[in-house]
Amino acid sequence: KEKDPKYWRDQAQQTLKNALRLQTLNTNVAKNVIMFLGDEETRLEMDKFPYVALSKVSSSPKPPTSRRKGQGNGIRWNPQTCWQCGQPSQGLCGPSVNAGTATAYLCGVKANEGTVGVSAATQRTECNTTQGNEVTSILRWAKDAGKSVGIVTTTRVNHATPSAAYAHSADRDWYSDNEMPPEALSQGCKDIAYQLMHNVRDIEASAGVIMGGGRKYMFPKNRTDVEYEMDEKARGTRLDGLNLIDIWKSFKPKHKHSHYIWNRTELLALDPYTVDYLLGLFEPGDMQYELNRNNVTDPSLSEMVEMAIKILSKNPKGFFLLAFALVSQGGRIDHGHHEGKAKQALHEAVEMDRAIGQAGTMTSAEDTLTVVTADHSHVFTFGGYTPRGNSIFGLAPMVSDTDKKPFTAILYGNGPGYKVVGGERENVSMVDYAHDNYQAQSANYIPHVMAYAACIGANRDHCASTSLSGSPSPGPLLFLLALFPLGILF
């Protein structure tokens, strides 16, 4: 029954009904919906939200058995160095869940790990299980209600998290046809970049915004990148010879103003009030970490969010903005943690928080629902009884009782593990551990709640007696959906 999207939708709707009976909340219609996703001694913007909820994340609990090597019960476990009591051990550290959870919190149904925009009837890498099992996202529901839609990410725009908004793929890694197996191509499956440019018409209304990285997946194989002319890894990847930027332009109405940009200077030069459709691809792959960002060529997450809201808010019916930063998925928060780079990850989280604050100043609490959440956590801890005032990037005030060497205040239970020097753990007291790149040793309910608040999607019976004219009764309409522990964001 878990392969049937109806199972998950009915479950979510029943949970919603039960929640509505618990207390009387603000009943204003959410004209606008902003979703921030995050794979100093101050109060964060997200800490100011009046409501907090818990949500568990996982792929389909009983997915079909996969034939991929290293997988069991359909969930891919990543063999890597795990940590326990400061000692590395080769083992099974945990499932990769970006794709499966993205389908849950954007489409409202659970799917198998590694698939995007499809139900649990689709098995990873098996193209022939895709057709007929596609599911639509809340961005499509918003478009059907006449709202404008935007996607802003610090990852590539065809990364697993944003791609669940518009694509239907048996594998999250099919960024372009260059990454697809011959069997999948022969069976007619399309890569995610191709689907972005062709399927985005299904989620765009009178205006649309797409910003992030992923430029190389839009151009023919070996096409020189506009920014990194000498870098072979930045060159185009497409085997079909298509220029997807030209295709994107060709799909836009002639009477509308469409803009493709690739750097921050072009972004800041735009007049948002004369832009209807915007495609900004600022890096060949993922965008740079905030600490490494080129202030001339790469915009910050806050700058992208600001421009997106200015463009989308022209629609009197409102908008839906997915901001992803791995988090806002700052997709790069997640990447920093995967690589054990705590300083990079934490600065990405701070930038996402700036973007949340920016969105708050540009919208009204009367008619805008803002959701902040994450798709999974990392085993990220503070140890060693560090005193107050100690740098979080510094050393703990003691040595390990195992090897009698110092260790950092921040510790990881996943990722690359510690560096081995001469057969032993590196003595980190001899290392610049404060360096930017130093490596320290059921969500499917969410879109149904957002859709209910915005009167979009299938469940709209409660909207009949509520004004949709943009003049709802006063009352705050802010909501924080946080996944614990805090390691999810930090």
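Just so we're clear, the structure is a prediction, and the values are computed from it rather than from any experiment.

What counts, and at which threshold
- Residues numbered from 1 in each chain as written.
- Predicted model: local features only at pLDDT ≥ 70, side-chain atom pairs only at ≥ 80, totals over all residues.
- Heavy atoms only, no water.
- pLDDT = per-residue confidence, 0-100.
- Helix = DSSP H or I, 4+ residues; strand = E, 2+ residues; numbered from the N terminus.
- Contact = heavy atoms within 4.5 Å.
- Buried < 20%, exposed > 50% of the residue type's maximum accessible area, 1.4 Å probe, protein only.

## A word on the confidence of the model for the protein
Confidence in the prediction of the protein, expressed as mean pLDDT, is 79, and 75% of residues score 70 or more. When pLDDT is averaged over each helix and strand of the protein, the minimum, 30, is found for strand 4 (residues 75-84) and the maximum, 98, for helix 8 (residues 264-269). Long-range and interchain partners of residues 62-96, a stretch whose pLDDT sits below 50, account for 75 contacts in this model, where long-range means more than four residues apart. Under a pLDDT of 50 for its full length, residues 326-333 has, in the predicted model, 66 contacts with residues more than four places off or in other chains.

## A few points about unusual backbone geometry
Despite not being glycine, Thr125 has its phi angle at roughly 75°, a positive value. Its location among the elements puts Thr125 in the loop between helix 2 (98-107) and helix 3 (138-144). Overall, Thr125 belongs to the partly exposed group, its relative accessible area being 26%. One non-glycine residue, Cys455, lies in the positive phi region at around 55°. Mapping Cys455 onto the fold places it in the loop between helix 12 (446-454) and strand 18 (480-481).

## Section: the environment of Glu290
Mapped onto the fold, Glu290 is located in the loop between strand 9 (277-281) and helix 9 (301-312). Residues Glu290 and Ser300 lie 10 residues apart in sequence; the distance between their C-alpha atoms is 7.1 Å. Excluding residues within four positions of it along the chain, Glu290 makes contact with Ser300, Glu348 and Glu351.

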